[in-house]
Amino acid sequence: MKNTKIMVVLAIFLAAALFVSAGAAAANAATNNTSITIPDGITLTNGTASIIEVKIGLNATDGGKLTFKNVTIYDDENNNLGNNGTTLIPQSGTYFISIKPVKAGSQLLTAKFVISEDDLNENNATYTSVAVNVQEAAPVAESFGPFFVYEKISPSDIGGAKALYKLSGDATPAVLDTIAVSEETTLLKEMIGNNVGVWYTSPTGGSYATIWYPEITLKAELTTGDLTGVGTSSGDSIDGKTINKDTNVTFKIDAPKLGGEPIQSAESGKNISTVKIVFTTPAGGKTTEFGIYNFANVKLESAQTTMKKTTQPGNDAAAGQWTAQAEFETFGNFSGFKDYGAKSNTITFTIQSSTLTITAAKDSVVRSNPFTVTIQGKSQGLYNVTIENAVDTDVNPSLQPNQNGWQKDLEKIGTSVIGAQFKTDASGKRTIQYNTAAETTDKTYTIRVEKNGDHSDYDKVKVKVEKGAVTISASGDGTYYIGEEITLTGTNTDSTNVFLFVTGPNLKHTDGVVLKDLGGDSGKENPAYSAANPVQVRTDNTWEYKWDTTLISLDDGAYTVYATSRLTNGKSSGEQNLGKVSADSTTWLNSKANVYGSEVGDSYYAVKLSDSEYATVSVSLKKPFLSAVPSGTVVAKGDKIYLRGTAEGDPNSLMLYIFGPNFYNIESITVEDDGTYEKKIEIGNDWASNQYYVVIEHPMENGVIDVYDTGADSNPRTLSIYNANKSLGVQSSFVVEGAGKLQSANAADALTKMIDNPNIDDIYTKLTFTVAEPRIDITNPGDKAVGTKFTISGTTNLAVDDQILVEVVSSSFNAVDKSQSSATSGVSQSTKVVAGEGADNTWSVEVDTTNWKLDEYTIKVQGIEVGITATTNFNLVEKVVTQTPTATTTGAPATTTATATATATPSTPGFGAFIALAGLGAVALLVLRRN
């Protein structure tokens, strides 16, 4: 029978016993109608217990007895009601029976189960057939191994299989490699290659074996404890390190796959792998002995095996470089791993004598930086370390608190702990840190170490503590407008803080005031020794501070900025007592002194300047100024005007005020980083033709526009300035909108006088411009010869860079018969308005009349951005008669056309003549309309 899933249908006759005699059937029909319902089409798995749900209906209310054979019955709460016997079924309902098909020989069978009602005649029972499908159970995958390369295997080791298959990991695995297996087949490296791991006994998967390479890793770790047993390994490897002759070391072998696995050898069955450690001495000799142990014939009993016990190199161990490497030995007459297996990694270490030494990481250090010394002595030995030449009057380096290996403090000067007892680690080493501060005395210190209890066993090392240096520089050229930001930068190798103070004319403290306190709302001139917020020095010894001069309480003038590494009494040559060290001191500076002051005796001090490293930079402060230039003095309605200028002092914004006839407007102006600004003002068509007055206000040092506008919703609307103490109310104001308002010129004048008030720091600039009706003038070119090039130009009050469209059209540009040719000529092009030399701006275009026909031409000029048009005519002739051109001026509401036909120069008419000409033009226009 093939090893595949098969399906058989086995009829199980499940008898629901209702054995009723012929005579009793009629009499007992009402009391013996027990019904048993079993679902059809059930599938069971061979060898697996299955649960079948059945429904049992009983006529008797007190239950009934049923007999079960080869099955177990449960109620719906999983209570076992019985099996292979007579069971009381308490009530009608759903029950569950358990049945396990079994396999006998080559046939699939199932134990029949019978359910019958007790005490009834089975001969008269009616049987109902229920089909139950029984399928072959799926084979259970087995695992074999692990096996190792160079080991021997046979078919019996892998479930009788004659081959192993390496399959791909796809959904439909493919065979990647095959190993034929016969009796005592040696797994060779050439067979496995890199295909370690799972190999299947069938090309379709299922049971499998695992195959690995015999790999071992050697560890050698510093260890705490004695030599009486296995010490506690620290996990700190000695590889690449130096150890003493009395350093405790534990050797371990990691073999996560191989450890504890029996290896097959033909000669003596299966045995645990055995290894040894081979040590190479400084002289090149090979040995398995190290310290008091021989590290040979060690069995790999587990994934990690501790080799022997904790050991020490011993006094007889040669000083110098040693190596250690683990390799396989022959075990149970099996030498496959020894002959072909890879050796472990190599551990390299140096053995030195246990002579006490102390070394420094650096010969010198800049104060405010730590330095370290390292002692080398016996493993886990106690050693006393101190500064041998410490002086009570000096500020000495201090040991870092709570260092590794610290045991107790031994010596203290002031608040500085200069000596303590330390315990070396398992390698006999301990690194110790001393800290220095900005006030640490700069000199050479001698650090001494001695064995605890033995003054004769000692060593010394010297470390020089040096002063650092401070530098400072200021951005820009050294001259700044008050309100600008000045970036101060530099370096400090002497401390972790930089203190900044300023000296200059007539400051409250001639030795300097704290730079950071000059700004802000307080603007106080505090003495340099009261600095409480120094600039922090970065880890690369650089520092930076951005000095905002907007709110500083300084006048314009020359000043010197000092950068110091310690809190000083300004530039003074004397110290400043800041308060007592004792906790009950009531001196107001004591809290700051505890952080930045230098402790001398029982008090804190701000030191004299010469006791600190420092540098200076000069800065010149001057008052900001404001300028403004309009893009034009006359601007047409519907056009625009630009106000451009410079506002020094780095203000965030300016305030713009515009006054005109029954007109007031206020807007802010944004200032660029370089101090320049540009404000575009759109002139509405509803603006009256008149003069307008502009005032631009600069907030100056305090960064605040001191003129207050009550707003458009107020009635009347006023501009005002407050007293320095706002609670005292307004000191000056006037109305700009509403009853009692000032006229435009008067309002502008009142505003400038208000800003001139000495109680505020704001400054201003003022200008005017005139709004006029838009106008374009065309200079009539006169008659022109065909084929010539000439310029059409004129003047206008439109703004510079406004676009103007110039069109030249033949007067004969009319519809003609299709059979006739129409050789019309002309041009249309745009141009920009450019600044003129006087009040008017100019415009021009170049015209080429090549291939134009002889005719009268109309020049039409119109504003693209402003609605204004002007026209004039000229003739294109074969030959030009000398003539003087005339100018045509056209305003927005009417168009005047002039054609130059005479050589005489027209005289300029007076105001009455201009009115008369206007009347004649109106009559001519009326005649044209009537025609």
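Up top is the structure.
Keep in mind it's a predicted model, so treat the numbers as computed, not measured.

S.K.: Can you explain the side chain of T849? Please cite residues and give values.
M.R.: Note on placement: T849 falls in the loop between β71 (841–848) and β72 (855–863). A distance of 2.7 Å separates a polar side-chain atom of T849 from the backbone oxygen of T788. If we ignore the near neighbours within four places in the chain, the residues touching T849 are A785, V786, G787, T788, F790 and L876.

S.K.: For the packing of aromatic side chains, give the residues involved together with the corresponding values.
M.R.: Scanning the model with the defined rule gives 27 aromatic pairs in all. A connected cluster of aromatic rings, assembled from ring pairs, spans F251, F279, F290, Y293, F295, W322 and F349. The ring of W212 has K257 lying over it, and the distance from NZ or CZ to the ring centre is 4.5 Å. Positioned over the ring face of Y458 is R448, at 4.1 Å from the centre of the ring.

S.K.: Residue-level account of the pattern of salt bridges, with values.
M.R.: For the structure on display, the rule yields 25 salt bridges. Close ionic contact of D236 with K241 constitutes a salt bridge, the shortest N to O distance being 2.3 Å. D236 sits in the partly exposed class, given a relative accessible area of 29%. Overall, the relative accessible area of 36% leaves K241 in the partly exposed class. In this structure, E865 and K640 form a salt bridge, with 2.8 Å as the shortest nitrogen-oxygen distance. Note that E865 is positioned in the loop between β72 and β73 (869–877) and K640 in strand β57 (residues 640–646), a separation of 225 residues in sequence. Relative accessible area serves as the criterion here: at 11%, K640 is assigned to the buried category. Linked through salt bridges whose partners overlap, the residues forming this network are E388, R448, E450 and K460.

S.K.: I'd like to hear about the sheet that holds strand β58 (residues 653–660), residue by residue, with values.
M.R.: The pairing of strands in a sheet happens through backbone hydrogen bonds and is either parallel or antiparallel. Taken in spatial order, the five strands make up an open sheet running β56-β65-β61-β58-β59, and their pairing is mixed. Only two strands of the sheet have a single partner each, and these edge strands are β56 (634–636) and β59 (663–670). On average, adjacent strands in this sheet sit at an angle of 30° to one another, irrespective of strand direction. Here strand β61 (residues 691–698) pairs with strand β65 (residues 763–772) via eight bridges, running antiparallel. Opposite Q691, over in β65, you have T770 as the bridge partner. Each of β58, β61 and β65 touches helix α5 (residues 744–755); the most contacted strand, β61, lies at about 15° to it.

S.K.: Now, about a negative patch on the surface: what can you tell me, with residues and values included?
M.R.: The grouping of E485, D548, D650, E672, D673 and D674 at the surface amounts to a negative patch. In this fold, D673 is placed in the loop between β59 and β60 (676–682).

S.K.: Can you tell me about α5, naming the residues and giving the values?
M.R.: Owing to its 3.6 residues per turn, the α-helix aligns residues three or four sequence positions apart on the same side. The first and last C-alpha atoms of α5 sit 17 Å apart over 12 residues, in line with the 16 Å expected at 1.5 Å per residue. Within α5, the full set of buried residues consists of S744, A747, A748, A750, L751, T752, M754 and I755. The inward-facing, buried residues of α5 abut β58, β61, β63 (717–722), β64 (730–737) and β65.

S.K.: Account for the environment of N841, with residues named and values stated.
M.R.: Residue position: N841 is located in strand β71. You can call N841 buried: its relative accessible area is 11%. Taking the C-alpha atoms as reference points, N841 and T795, separated by 46 residues in sequence, lie 5.6 Å from one another. Once you skip the residues sitting within four places of it in the chain, N841 turns out to touch G794, T795, T796, L798, A799, V800, V833, V834, A835 and G836. From its side chain, N841 meets the backbone nitrogen of G836 in a polar contact 3.4 Å long.

S.K.: Give a description of the nonpolar core that names residues and reports values.
M.R.: Side chains that are nonpolar tend, in soluble globular proteins, to be buried together. Among the nonpolar cores identified, the biggest contains 50 residues, and L164, F251, F337 and F349 are the most heavily contacted of them. Sorting the residues of this core by element identifies β12 (143–148), β18 (208–212), β19 (217–224), β22 (249–254), β25 (274–280), β31 (320–328) and β32 (346–352) as the ones contributing at least two each. It is β31 that contributes the most residues to this core, four residues altogether. Excluding its chain neighbours within four sequence positions, the residues that come into contact with L164 are I153, I158, D177, T178, I179, V181, W199, Y200, T201, A209 and I211. Membership of the second largest hydrophobic core comes to 27 residues, among which are I472, V513, V537 and W547.

What counts, and where the lines are drawn
- Residues numbered from 1 in each chain as written.
- Predicted model: local features only at pLDDT ≥ 70, side-chain atom pairs only at ≥ 80, totals over all residues.
- Heavy atoms only, no water.
- Helix = DSSP H or I, 4+ residues; strand = E, 2+ residues; numbered from the N terminus.
- Polar contact = N/O pair within 3.5 Å; in protein donor to acceptor, adjacent residues only side chain to side chain.
- Contact = heavy atoms within 4.5 Å.
- Phe/Tyr/Trp six-rings, centres within 6.5 Å; stacked < 30°, edge-to-face > 60°.
- Lys NZ or Arg CZ within 6 Å of the ring centre and 35° of its normal.
- Salt bridge = Lys/Arg side-chain N within 4 Å of Asp/Glu carboxyl O.
- Buried < 20%, exposed > 50% of the residue type's maximum accessible area, 1.4 Å probe, protein only.
- Pairing = 2+ DSSP bridges.
- Axes fitted to C-alpha atoms, helices over the stretch in contact; angles between N-to-C directions.
- Patch = residues over 30% accessible without salt bridge, like charges linked within 9 Å, V, L, I, M, F, W, Y side chains within 5 Å.
- Areas by Shrake-Rupley, 256 points an atom, 1.4 Å probe, with all protein chains shown as cover.
- Lys, Arg positive; Asp, Glu negative; His and termini not counted.
- Charge placed at Lys NZ, Arg CZ, Asp CG, Glu CD.
- Expected span 1.5 Å × (residues − 1).
- Core = buried A, V, L, I, M, F, W, Y, C linked by side-chain atoms within 4.5 Å.

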